[in-house]
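Each chain, letter by letter, is given below.
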Amino acid sequence: ALMITDECINCDVCEPECPNDAIYMGEEIYEIDPHKCTECVGHFDEPQCVQICPVACIPTNPQHVESRETLWQKFERLSAAR
Ligand code: SF4
Ligand code: SF4
């Protein structure tokens, strides 16, 4: 999963781009729910939030480093739950 750092300027552009509805407004800045973020695996070739963020503040979450296979499994779980 990816995460949003405190460099976030709350520009609002990433939230509607997320295919997994993983991005939400937190207490001060936008946040990413690591249980919903597949790094866009299953939907797009590149993480959509990273593509669009004007300040490049969306790195990999060091607490949630996942292989492509794990991300695929998450995508399949999320799809089944829809
Ligand atoms: Fe959503 Fe994709 Fe960004 Fe993860 S990488 S938060 S799934 S847009
Ligand atoms: Fe914050 Fe970047 Fe999302 Fe804008 S696109 S709200 S700066 S994380």
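The preceding data block contains the structure.
Below is a summary of the structure that appears in this document. (Residues numbered from 1 in each chain as written. Chains lettered and ligands numbered in written order. Predicted model: local features only at pLDDT ≥ 70, side-chain atom pairs only at ≥ 80, totals over all residues. Heavy atoms only, no water.)

**Quick look at the site of ligand 1**
Phase 1 of the analysis: Looking at ligand 1, the residues that line it are Leu 2, Cys 18, Pro 19, Asn 20, Ile 23, Ile 32, Cys 37, Thr 38, Glu 39, Cys 40, Pro 47 and Cys 49.
Phase 2 of the analysis: Here the shell around ligand 1 is built from residues that sort into 9 nonpolar, 2 polar and 1 charged. (Near = heavy atom within 4 Å. Nonpolar A, V, L, I, M, F, W, Y, C, P; charged D, E, K, R; others polar.)

**Some thoughts on helix H2 (residues 68–81)**
Phase 1 of the analysis: Compared with an ideal rise of 1.5 Å per residue, which puts 14 residues at 20 Å, H2 spans 20 Å between its outermost C-alpha atoms and is within 8% of the ideal.
Phase 2 of the analysis: Those residues of H2 that fall on the buried side of the exposure criterion are Leu 71, Lys 74 and Phe 75. With its buried residues spanning 105° around the axis, H2 presents them on a single face. Across H2 from its buried face, at more than 90 degrees, point the exposed residues Glu 69, Glu 76, Arg 77 and Ala 80. (Helix = DSSP H or I, 4+ residues; strand = E, 2+ residues; numbered from the N terminus. Expected span 1.5 Å × (residues − 1). Buried < 20%, exposed > 50% of the residue type's maximum accessible area, 1.4 Å probe, protein only. Arc of directions from axis to C-beta.)

**Side note on unusual backbone geometry**
When glycine is set aside, most residues are seen to have a negative phi, and most peptide bonds are trans.
Phase 1 of the analysis: Positive phi, close to 60°, is recorded for Glu 39, a residue that is not glycine.
Phase 2 of the analysis: If you trace the backbone, Glu 39 turns up in the loop between strand S2 (30–32) and helix H1 (48–52).
Phase 3 of the analysis: A residue is classified by how much of its surface remains accessible, and Glu 39, at 18% relative accessible area, is buried.

**Focus on the site of ligand 2**
Phase 1 of the analysis: Looking at ligand 2, there are 14 residues lining it, with Cys 8, Ile 9, Cys 11, Cys 14 and Cys 53 nearest.
Phase 2 of the analysis: When grouped by side-chain class, the residues that make up the shell around ligand 2 number 12 nonpolar, 1 polar and 1 charged.

**Digging into the side chain of Lys 74**
Phase 1 of the analysis: The topology assignment puts Lys 74 in helix H2.
Phase 2 of the analysis: Other than its neighbours up to four places away in sequence, Lys 74 contacts Ala 1, Pro 34, His 35, Lys 36, Cys 37, Thr 38 and Glu 66. (Contact = heavy atoms within 4.5 Å.)

**Quick look at the side chain of Glu 66**
Phase 1 of the analysis: Of note, Glu 66 is situated in the loop between H1 and H2.
Phase 2 of the analysis: Within the structure, the side chain of Glu 66 is placed 2.2 Å from the backbone nitrogen of Ala 1, a separation counted as a polar contact.
Phase 3 of the analysis: Filtering out sequence-adjacent residues up to four positions away, Glu 66 remains in contact with Ala 1, Glu 39, Leu 71 and Lys 74. (Polar contact = N/O pair within 3.5 Å; in protein donor to acceptor, adjacent residues only side chain to side chain.)

**Re the environment of Cys 8**
Phase 1 of the analysis: As for its position among the elements, Cys 8 is in the segment before strand S1 (23–25).
Phase 2 of the analysis: Residues Cys 8 and Ile 58, 50 residues apart in the sequence, show an inter-C-alpha distance of 8.5 Å.
Phase 3 of the analysis: Not counting chain neighbours up to four residues away, the residues in contact with Cys 8 comprise Ile 29, Tyr 30 and Cys 57.

**Quick look at the packing of aromatic side chains**
Phase 1 of the analysis: Following the criterion strictly, the structure yields 1 aromatic pair and no others.
Phase 2 of the analysis: With 5.2 Å between their ring centres and 85° between their planes, Trp 72 and Phe 75 make a pair best called edge-to-face. Placement of both Trp 72 and Phe 75 in helix H2 is noted, with a separation of 3 residues, approximately one turn of the helix.
Phase 3 of the analysis: Residue classification places Phe 75 among the buried residues on the basis of a relative accessible area of 14%. (Phe/Tyr/Trp six-rings, centres within 6.5 Å; stacked < 30°, edge-to-face > 60°.)

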